[in-house]
Amino acid sequence: SILQAEGVIHIKDAAKRITDAYGIGRIGNRIYDKIVHSAKYGHQNNLFYYSNDFLYHDANKIVEVRDRSELEPSLKKIENVTPEEIQKSLIDTISMAFSLPEAEAISEALSSMGFNRATEKASVIVGIEITKLFKEKKIKLEDNRIVIN
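Cut-offs and rules
Along each chain, residues carry numbers from 1 onward, in the same order as the chain's sequence is written. At least 70 in pLDDT is required for a residue's local features to be given in this predicted model, at least 80 for side-chain atom pairs to be given and counted, and no such filter applies to totals for whole chains, interfaces and linings, which use all residues. Just so you know, side-chain values use all the structure's heavy atoms and leave hydrogens and water out. Every helix listed is a DSSP run of H or I at least four residues long, and every strand listed is a run of E at least two residues long, numbered separately from the N terminus. The rule is simple: take the accessible area with a 1.4 Å probe, protein chains only, and divide by the maximum for that residue type; under 20% is buried, over 50% is exposed, in between is partly exposed. Per-residue and other accessible areas follow the Shrake-Rupley method at a 1.4 Å probe size, with only the shown protein chains counted as cover for residues. This count recognises Lys and Arg as positive and Asp and Glu as negative, with His and chain-terminal groups excluded. Each charge is placed at NZ for Lys, CZ for Arg, CG for Asp and CD for Glu. Angular values range over 0 to 180 degrees, each being the angle between N-to-C directions of two axes fitted as lines to C-alpha atoms, with helices fitted over their stretch in contact. The labels follow the angle: roughly parallel below 35 degrees, roughly antiparallel above 145, roughly perpendicular from 65 to 115, and oblique for the rest. Handedness of each helix crossing follows the sense of rotation of the near helix against the far helix: counterclockwise by less than a right angle gives left-handed, clockwise gives right-handed. Only heavy atoms enter the contact rule, under which two residues are in contact if any of them lie within 4.5 Å. Residues are grouped as follows: Ala, Val, Leu, Ile, Met, Phe, Trp, Tyr, Cys and Pro are nonpolar; Asp, Glu, Lys and Arg are charged; all remaining types, including Gly, are polar. Any carboxyl oxygen of Asp or Glu that lies within 4 Å of a side-chain nitrogen of Lys or Arg is treated as forming a salt bridge with it. Here the term cavity refers to a set of points on a 1 Å grid, laid over the protein atoms alone, in which a 1.4 Å probe fits but cannot get out; the term pocket refers to an open set having protein on both sides within 12 Å along at least five of seven lines, with lining residues being those that place an atom within 4 Å of a point. Grid points are joined across faces, edges and corners, and a volume is the space filled by probe spheres set on the points. We define a nonpolar core as any set of buried Ala, Val, Leu, Ile, Met, Phe, Trp, Tyr and Cys residues linked to one another through side-chain atoms lying within 4.5 Å. When DSSP finds two or more bridges between a pair of strands, those strands are recorded as paired.

Caption draft 1: Looking closely at the overall build of the chain. Check the secondary structure of the chain and you find six helices and five strands. Reported as C-alpha extents along the three principal axes, the dimensions of the chain are approximately 55 × 30 × 25 Å. Taken across its 149 residues, the chain has 36% of its residues classed as buried. Of the accessible surface of the chain, which amounts to about 9200 Å², a share of 49% is contributed by carbon and sulfur atoms. Charge separation in the chain, taken as the distance between the mean sites of 21 positive and 22 negative side-chain charges, equals 6 Å.

Okay, here's the thing in structure tokens:
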């Protein structure tokens, strides 16, 4: 299955993998709606967990940080990366460095996920996850540097 091969995946990426496997070039609304319906069915029948457009193995939402550097550009979209993976990448990055300024934490976390540069869009998305980590008290600020709490 896609989840076994790829791990957590965005529904749009899953739809692309499925249609590519069947030689379908373009994903129209009808096909996409069927795939979303199938995802909801799989979730309801405990085959996997489907939440906020992401497919997970189960409700634990355990993720691994994946290196996307070798993927084609159409499959490298930060908005298709789970918040959990972005947060794990941030925690791992900050842990290894002991402390980082926010901009560097964003850049390094994106790099660990295979993104070559911190675009404005990517920086905003990762910044949102930093804010969540602050609110959850998993990280804190010391001398203008982010550290693990």
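Caption draft 2: Looking closely at the packing of helix α4 (residues 83-97) against helix α5 (residues 102-112). Two elements in contact, α4 and α5, have axes whose closest approach is 9 Å; the angle formed by their N-to-C orientations is 115°. Judged by the inter-axis angle, α4 sits roughly perpendicular to α5. As α4 packs across α5, the resulting crossing turns out to be right-handed. Residues S89, L90, T93 and I94 of α4 form the contact with α5, whose participating residues are A105, E108, A109 and S112. Partitioning the contact of α4 with α5 into residue classes produces four nonpolar, three polar and one charged.

Caption draft 3: Broad picture of the pattern of salt bridges. Applying the stated rule across the entire model yields 10 salt bridges. Among the salt bridges present, the one from K138 reaches E136, with a minimum N-O distance of 3.4 Å. A relative accessible area of 40% places K138 in the partly exposed class. Connected through shared salt-bridge partners, R66, R68 and E85 make up one network.

Caption draft 4: Spatial organisation of the environment of L141. Following the sequence through the fold, L141 ends up in strand β4 (residues 139-142). For the pair L141 and D33, spaced 108 residues apart in sequence, the C-alpha separation works out to 44 Å. Non-local contacts of L141, meaning those with residues more than four positions away in its chain, are made with F134 and I146.

Caption draft 5: Molecular detail of the layout of surface pockets. There is about 270 Å³ of room inside the largest pocket. Lining the largest pocket are S1, I2, L3, I11, A14, I18, I35, S38, A39, F48 and L55. Those elements that place two or more of their residues in the lining of the largest pocket are α1 (2-6), α2 (11-21) and α3 (29-44). Grouping the constituent residues of the lining of the largest pocket by class yields nine nonpolar, two polar and no charged.

Caption draft 6: View of the nonpolar core. The biggest cluster of nonpolar side chains holds 19 residues, and the ones touching the most others in it are I78, I86, L90, L110, M113, V126 and I130. With five residues, helix α6 (residues 120-135) is the largest single contributor of residues to this core. Here L90 is in contact with A105, A109, V126, E129, I130 and L133, once residues within four sequence places are set aside. In terms of nonpolar packing, the next biggest core, distinct from the first, is built from 10 residues, I9, A15, V36 and L55 among them.

Caption draft 7: Highlighting the pairing of β4. In the sheet, β4 pairs with strand β5 (residues 145-148) via four bridges, with the strands oriented antiparallel. Bridge pairing in β5 places K140 opposite V147. Linking β4 back to β5 in an antiparallel pair, the connection comprises two residues, with D143 at a positive phi of about 50°.

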